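A closer look at the structure
In case you want the letters, here they are:
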Amino acid sequence: MPSITNSDIFDNMVTSIVVVDQSFIVKANNFAAEQLFELGAKRMQGSHFASLYKNLSSDITLLQQALETNQGFTDNLATLVCHDLRSITVDVCVTPTLYHDQPHLLLELRQVDQQQRISTEMQQLTQQQLAKDLVKGLAHEIKNPLGGLRGAAQLLHRQLDQENQEYTQMIIEQADRLNNLVERLLGPNKHQQHNLHNIHKILETIIKLVSFELPESISIERDYDPSIPDVNLDAEQIQQALLNIIQNAIQALKDKGKIKIVTRVSNQVTINGQRYRLALDIKIIDNGPGIPDELRNTLFYPMVTGRAEGTGLGLSITQTLIQQHKGRVDFSSTPGHTEFHVTIPVEHIKETS
Ligand SMILES: Nc1ncnc2c1ncn2[C@@H]1O[C@H](COP(=O)(O)OP(=O)(O)OP(=O)(O)O)[C@@H](O)[C@H]1O
Ligand SMILES: [Mg+2]
């Protein structure tokens, strides 16, 4: 493991960092930026930011606006075309900042795995909805006859002697088990109750809930932003959505590991084509083995599971609940670092993107 000092932290980051002045001249950058643009530090510094690439879908006028209004923004899934015509999908985050006491912009460009992001953003919405509708339809069809079956077994139960009641009891128990599954398949159907809530309170409730069965060698680390305002949401639903993710992390860690919960706010976030001025970011990170490759493309589909005793409904329910809050849930995973990222818009004042 390489040891790093304060001065080379930036050069060890995978996110590309570029600092530009008010004329968009590059004043500083890290090593990742040089690799992204495939240019040396000498070529980058002193150059106009727009000369580093052939095309970037986040218009330079957005940078101008950020400087003028002193308000940062995030543009997810922006397309960057480099001089050598490589087309890369990046998340761009721009923050107005003071650098040597002068107003500058801090640009963070994070390369995203194009295929994964496109499949989560675009196909997620259509295909997963289809899968959910199919499963829900099926669950509906099962629910009614199942009720009849259980009722009949109950009637029969009363008429049988004790010895034979064992069989009807078994039917009733199995019908109840199936009914629980059907209820979960049907998903959340409760009317949403939005109120102002503190996200950290919700997270602390979840931590308390899981702490009863948490193995001692699994630690939960909090990295909360205390300045996050109360958010208008259905606390019960968000609790359920995040609990499912945290439970998965605990299960993935088996008996040993670390879970980190990070909360932040971000400005100007685009979710499913809608721009929001403010959004809540919650990241749940574990250092477990990672999501199995064969599940990655269908992870949020109902009934997709990698566990023998799993029903594969947890993440599907999480996604439905977060989508009901107009938010987004996605993930990135490598062995030793699995990150679920939930974004919930805070300001419901939409701006057309
Ligand atoms: N943090 C994680 N690390 C590794 N694998 C994960 C993680 N989170 C989810 N998975 C994988 O994704 C699968 C699907 O998760 P999901 O919560 O939808 O269903 P489940 O946990 O199998 O069952 P259920 O939640 O319904 O009891 C899991 O079975 C597991 O294989
Ligand atoms: Mg689960």
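These notes cover the structure that comes with them. (Residues numbered from 1 in each chain as written. Chains lettered and ligands numbered in written order. Predicted model: local features only at pLDDT ≥ 70, side-chain atom pairs only at ≥ 80, totals over all residues. Heavy atoms only, no water.)

On to the nonpolar core, then. Among the nonpolar cores identified, the biggest contains 52 residues, and I199, L242, I259, L280, L299, F340 and V342 are the most heavily contacted of them. Among the elements that make up this core, the one with the highest residue count is helix α7 (residues 235-253) (10 residues). Excluding its chain neighbours within four sequence positions, the residues that come into contact with F340 are I245, I282, K283, I284, I291, L299, F300, L315, V329, D330 and F331. Counting residues in hydrophobic clusters, the runner-up holds 28 residues, among them F37, L67, A78 and L105. (Core = buried A, V, L, I, M, F, W, Y, C linked by side-chain atoms within 4.5 Å. Buried < 20%, exposed > 50% of the residue type's maximum accessible area, 1.4 Å probe, protein only. Helix = DSSP H or I, 4+ residues; strand = E, 2+ residues; numbered from the N terminus. Contact = heavy atoms within 4.5 Å.)

The next thing to look at is the pattern of salt bridges. Enumeration over the complete set of coordinates arrives at 8 salt bridges. Residue K143 is joined to E183 by a salt bridge in which the shortest nitrogen-to-oxygen separation is 2.4 Å. Highlighted residues: K143 in helix α4 (residues 114-159) and E183 in helix α5 (residues 162-186), separated in sequence by 40 residues. D223 serves as the salt-bridge partner of R264, at 3.1 Å between the closest nitrogen and oxygen. Here R264 is found in strand β10 (residues 257-271), whereas its partner D223 is found in strand β8 (residues 218-223), with 41 residues between them in sequence. You can call R264 partly exposed: its relative accessible area is 34%. (Salt bridge = Lys/Arg side-chain N within 4 Å of Asp/Glu carboxyl O.)

Next up on the list: the pairing of strand β2 (residues 26-29). Side chains on a regular strand alternate between the two faces of the sheet. Here strand β1 (residues 16-20) pairs with β2 via 3 bridges, running antiparallel. Pairing of V18 across the sheet is with N29, part of β2. (Pairing = 2+ DSSP bridges.)

Moving on to the side chain of H200. Looking at the secondary structure, you find H200 in helix α6 (residues 199-211). Within the structure, H200 has its side chain in polar contact with the side chain of T263 (distance 2.8 Å). Other than its neighbours up to four places away in sequence, H200 contacts Y224, D225, P226, I228 and T263. (Polar contact = N/O pair within 3.5 Å; in protein donor to acceptor, adjacent residues only side chain to side chain.)

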